[in-house]
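# An overview of the molecular structure
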Amino acid sequence: GNTGNRVSSLLHAYAFARDNQMEIGITKHSWAMDLLQSIGIEDEFFPSREYDHEMWKDILHSEFGLQIMKNHTYMVQTYEEVHHMSAHDAYYYQTSPEDLKRLKKETGW
């Protein structure tokens, strides 16, 4: 289903970021944020419903390595290089054979 496809897309976005030595930044109103909210990540960290936006940003960064940005313009102004990836593009991303060899060497995998 749609949620499963978006989970795959987010995992592939992590692979893209790893392969290109980048961080993952998501905007507040993006498919990735919609996914995290739809699978109940907020409920896990804020069971009492006392939602704190700054704490949420800190949790997503420390637990999932995600940078939360207010919008794409802020990303472009903050980072030297920004690569936009749709859920569709992320879903079909594959690590290249060269990157796999490099990762095996680096990690002893």
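## Some remarks on a nonpolar patch on the surface
A cluster of nonpolar residues, V7, L11 and I39, forms a patch on the protein surface that exposes about 250 Å² of accessible area. Along the chain, L11 turns up in helix α1 (residues 2–19). For L11, a relative accessible area of 52% puts it in the exposed group.

## A word on the nonpolar core
Of all hydrophobic cores here, the largest spans 21 residues; its most connected members are I26, L36, L60 and L66. At the level of secondary structure, the elements contributing two or more residues to this core comprise α1, β1 (24–27), α2 (31–38), α4 (53–64), β2 (66–69) and α6 (87–91).

## A short note on the pattern of salt bridges
In total, this model carries three salt bridges according to the counting rule given. R18 is the partner of D19 in a salt bridge, and the nearest nitrogen-oxygen pair spans 3.0 Å. The class for R18 is partly exposed, based on a relative accessible area of 39%. With its nearest N and O atoms 3.3 Å apart, the salt bridge here joins R102 to D99. Remark: D99 and R102 occur in helix α7 (residues 97–107); sequence separation between them is three residues, near one turn of the helix. Residue D99 is classed as buried on the basis of its relative accessible area of 18%. Salt bridges sharing common partners tie together D99, R102 and E106.

## A look at unusual backbone geometry
Here Q21, not a glycine, exhibits a phi torsion of approximately 50°, which is positive. Mapping Q21 onto the fold places it in the loop between α1 and β1. According to the relative accessible area criterion, Q21 is exposed, its value standing at 60%.

## A closer look at the side chain of D19
Along the chain, the position of D19 falls in helix α1. Within the local environment of D19, its side chain forms a polar contact with the side chain of R18, the two groups lying 3.0 Å apart. Not counting residues up to four positions away in its chain, the partners in contact with D19 are Y93, T95, D99, R102 and L103.

Calculation notes
Residues numbered from 1 in each chain as written. Predicted model: local features only at pLDDT ≥ 70, side-chain atom pairs only at ≥ 80, totals over all residues. Heavy atoms only, no water. Patch = residues over 30% accessible without salt bridge, like charges linked within 9 Å, V, L, I, M, F, W, Y side chains within 5 Å. Areas by Shrake-Rupley, 256 points an atom, 1.4 Å probe, with all protein chains shown as cover. Salt bridge = Lys/Arg side-chain N within 4 Å of Asp/Glu carboxyl O. Helix = DSSP H or I, 4+ residues; strand = E, 2+ residues; numbered from the N terminus. Buried < 20%, exposed > 50% of the residue type's maximum accessible area, 1.4 Å probe, protein only. Core = buried A, V, L, I, M, F, W, Y, C linked by side-chain atoms within 4.5 Å. Polar contact = N/O pair within 3.5 Å; in protein donor to acceptor, adjacent residues only side chain to side chain. Contact = heavy atoms within 4.5 Å.

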